[in-house]
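Spelled out from the first residue to the last, the chains are:
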Amino acid sequence: MELKELQEICEKCQKCPLCKTKTNTVFGVGAQNADIMFIGEAPGENEDLTGIPFVGKAGQLFDKYLEYLGISRENVYIANILKCRPPKNRDPQSDEQDACIPYLREQVRLIDPKLIVCLGRISALRIIKPDYKITSEHGTFVQKGKYVMTAVYHPSALLRDPKKKDDMLTDMEKIKEYAVKHGLKI
Ligand code: SF4
C-alpha cells in the first residue's frame, strides 16, 4: 500500500462517530520519506477546516520553532493519532484512538522515520508508554522496537502556559542536534 491509498481509505473511514462531525479528514502532511515524524493527538478547528495538521495558532507557534532551528516542514512529516476532529477539541477518547491508530501504524510503516517525536502528553501516552510523564520525561530519547522516539509539549500547551516555552526550545534543540548527529533530513 502507498500513502495515497491509505489516505483515501481514511477519507472514507466510518470506524468511529467522528466521521459524522468532521469537515475534512486530516491525514498528514510532509515528505513521504521523512526521517523525522511528528505526531500529535487530533485535528483542531483550523485543521478540520483545511484538512492540514498543525495550521491553527498552535501550529503556527510550532512552525516558529521549526523555522528557528532550520527544520523545514517539507522535509519532515506531521500527523495525528486521530484523523478526524473531536467536537469542541475535546481529548480523543480511547475507543476513537483504538479505531484510528491502525492507520497511524501503517503511516509510520510506510514513511519509516528514523525519529518519532510525540507532540504532547496524549500522543506520548499512546505511542511511547502508557505511564509517560510529559512534565518529567519530555525531551528524553527512547528506543521502542526499531524506532527512536521522544516527546515534547504540545504547542497548544505552550499557548496555555508560556513558561513551558523554554523547555520546548531546549527539547527542539536536542531534536535538531540528534538529527545533525545522525544525518537525518531536516
Ligand atoms: S477518527 Fe479515524 S477511525 Fe474515526 S472516522 Fe476518522 S479516520 Fe476513521
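Residues numbered from 1 in each chain as written. Predicted model: local features only at pLDDT ≥ 70, side-chain atom pairs only at ≥ 80, totals over all residues.

What follows concerns the nonpolar core. Grouped burial of nonpolar side chains is what soluble globular proteins tend to show. In this structure, I36, M37, I39, V117 and C118 are the most contacted members of the largest nonpolar core, which totals 47 residues. In contact with I39, not counting residues within four places along its chain, are A79, N80, I81, L104, I116, C118, L119, S123 and I127. (Core = buried A, V, L, I, M, F, W, Y, C linked by C-beta atoms within 7 Å. Buried ≥ 20, exposed ≤ 12 C-beta atoms within 10 Å, placed from the backbone. Contact = placed C-beta atoms within 7 Å.)

What follows is about the sheet that holds strand β4 (residues 115-119). The sheet built from six strands is open, its strands ordered β1-β3-β2-β4-β6-β5 with mixed pairing. The open sheet has two edge strands with one neighbour each: β1 (29-30) and β5 (142-144). Relative to β4, strand β2 (residues 36-40) is paired through four bridges, and the arrangement is parallel. Looking across to β4, one finds that F38 is bridged to V117. The strands that helix α9 (residues 165-181) touches are β2, β4 and β6 (147-152); relative to β6, the one it contacts most, it runs at about 160 degrees. (Pairing = 2+ DSSP bridges. Helix = DSSP H or I, 4+ residues; strand = E, 2+ residues; numbered from the N terminus. Axes fitted to C-alpha atoms, helices over the stretch in contact; angles between N-to-C directions.)

Taken together, 13 residues form the shell around the ligand, and within it C13, C16, C19, C84 and C100 come nearest. Contributing elements (two or more residues each) for the shell around the ligand: α2 (18-21) and α5 (94-111). For the shell around the ligand, the element with the most residues is α5, which contributes three residues. Split into classes, the residues belonging to the shell around the ligand amount to nine nonpolar, one polar and three charged. (Near = placed C-beta within 6 Å. Nonpolar A, V, L, I, M, F, W, Y, C, P; charged D, E, K, R; others polar.)

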